[in-house]
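Descriptive analysis of the structure
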Amino acid sequence: MSASPLLEFIAREHPAFVHIPIGLVAVLPLAMLASFHPRHGKILAGTSFFLAVIGWLGSTIALFSGLVWGRQINLISPSGFLPVVANEKQVLQKILQIHILAAMAGFLIGGVCVFMLWRVWKRDFSAGASQRTGGRRFWERGVGAPALLVGFLWLGCWAFSGKLGGVMVFGNEETNKAAAEADRAKRNDAEAELPIRALDYASLEPAEAAPVRSKAHGDRWRRVWVSASGIDAYKAGKPLPPGAYAVMPTFTDEKGKPSTEPGPLYMKETKADGTTAFAFYWARVPAELQKDFGNQDFAYWRSPDAKLATCLGCHEKGGSAAK
């Protein structure tokens with residue numbers, strides 16, 4: 001099931017949506033400052049309130065579109081609100097995380113600003129048209145100094161968030177360096193695009209004589225294959241030795257028997273340093289499940305991808321040879 005055209009449009013137009021609140025919040029402090037004029041304070045305070053309301057509503061749309069966009073390009077998990085930063089090399093994820101937090105801070109501060117301006121607008125227009133503000137102390141005129149300060153804070157949050165957004169789009173020295181390193185690592189990684197060893201699982205040692213049903217893996221049928229250096233440890237329920245790995249192809253159920261429709265392919269490996277790594281590969285995700293995979297028809301995840309946290313948690317709970 002693919003995303004609706006409306007959601008796709010909202011996500012795709014995120015760069016356009018963000019300019020609405022940024023532009024309005026940028027001119028808001030000017031209107032607020034102008035409201036301190038002794039003769040036109042009431043009108044300019046009302047103008048400030050109008051700008052703030054439209055800017056805050058625009059920021060709501062911008063935040064939502066950014067979230068949908070981040071999920072569609074798999075930088076944010078389908079059920080998450082922030083990207084998960086697993087290591088220092090994930091520069092883009094770190095920038096996106098700060099970008100979102102700054103935007104959310106701006107959204108909250110903007111809400112406070114709208115409330116303060118609403119109180120000013122209500123005070124001025126309930127007092128009657130004849131009442132003037134010229135007799136008030138300077139910092140009490142127009143929108144008042146506290147609201148002006150909050151307006152500047154709101155602008156600061158959105159300006160910082162916008163700057164980070166520009167860095168993600170156009171890059172800087174740090175992101176360009178990270179992208180170059182990732183590209184070099186990808187070229188040197190034979191399994192960057194496909195889990196080559198896992199796809200060749202039939203050359204390994206079968207750990208089971210026949211497929212068995214696995215409720216932990218979508219109630220599919222599975223059969224485990226293990227590299228020669230780890231087959232004895234696997235059958236004994238012991239941790240796999242460094243360099244060994246196990247592969248588990250799965251198949252959907254058809255009237256109580258394995259069907260010819262392949263499910264996900266799982267791989268568990270013990271690295272040379274003793275740490276455990278996982279891989280998840282699904283060459284053709286069924287249409288009815290694609291919404292759980294970022295609306296993609298293909299999935300390939302490898303440690304330390306945050307999407308594999310469930311695998312790690314389950315195997316740690318059930319033991320190193322959890323099945």
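Note that the coordinates shown come from a computational prediction; the quantities given were computed from them, not determined experimentally.

Tallying secondary structure elements over the chain gives 10 helices and eight strands in all. Classification of the 323 residues of the chain by burial places 38% in the buried group. Looking at the chain alone, contacts between residues at least 24 apart form 58% of all its contacts between residues at least 6 apart. Surface exposure of the chain reaches about 18,400 Å², of which carbon and sulfur atoms provide 63%.

It is worth spelling out helix H3 (residues 19–34) at this point. The terminal C-alpha atoms of H3 lie 23 Å apart, and with 16 residues this matches the ideal 22 Å at 1.5 Å per residue to within 8%. Leu 28 marks the point of greatest bend in H3, at about 25°, and the proline Pro 29 comes within the next four residues. Along H3, the residues classified as buried are Pro 21, Leu 24, Val 25, Leu 28, Pro 29, Ala 31 and Met 32.

Time to look at the packing of aromatic side chains. Inspection of every chain in the model, using the stated rule, returns 13 aromatic pairs. A centroid spacing of 6.0 Å and a plane angle of 85° characterise the contact between Tyr 281 and Tyr 300, whose relative ring orientation is edge-to-face. Of the two residues, Tyr 281 is situated in strand S7 (residues 276–282) and Tyr 300 in strand S8 (residues 299–302); the sequence distance between them amounts to 19 residues. Judged by relative accessible area, Tyr 300 falls into the buried class, the value being 16%. What links up through ring pairs into an aromatic cluster is the set Tyr 266, Phe 280, Trp 282, Phe 293 and Trp 301.

A full pass over the atoms with the stated rule returns eight salt bridges. The partner of Arg 213 in a salt bridge is Asp 253, with the nearest N and O atoms 3.5 Å apart. Taken together, the residues Arg 213 in strand S2 (residues 212–214) and Asp 253 in strand S5 (residues 245–254) connect sequence positions 40 residues apart.

Of the pairings in the sheet, the one linking strand S3 (residues 220–222) to S5 comprises two bridges and is antiparallel in character. Note on S5: the bridge partner recorded for Arg 222 is Thr 250. Sheet topology places strand S4 (residues 225–226) next to S5; two bridges connect them, and they run antiparallel. Bridge assignment links Val 226 to a residue of S5, and that residue is Ala 246. Taking the residues between adjacent antiparallel strands as the criterion, S5 and strand S6 (residues 257–270) are bridged by two residues, where Lys 255 takes a positive phi near 55°.

So, how was this worked out
Residues numbered from 1 in each chain as written. Predicted model: local features only at pLDDT ≥ 70, side-chain atom pairs only at ≥ 80, totals over all residues. Heavy atoms only, no water. Helix = DSSP H or I, 4+ residues; strand = E, 2+ residues; numbered from the N terminus. Buried < 20%, exposed > 50% of the residue type's maximum accessible area, 1.4 Å probe, protein only. Contact = heavy atoms within 4.5 Å. Areas by Shrake-Rupley, 256 points an atom, 1.4 Å probe, with all protein chains shown as cover. Expected span 1.5 Å × (residues − 1). Bend = angle between axes of the 7 residues up to and from the residue. Phe/Tyr/Trp six-rings, centres within 6.5 Å; stacked < 30°, edge-to-face > 60°. Salt bridge = Lys/Arg side-chain N within 4 Å of Asp/Glu carboxyl O. Pairing = 2+ DSSP bridges.

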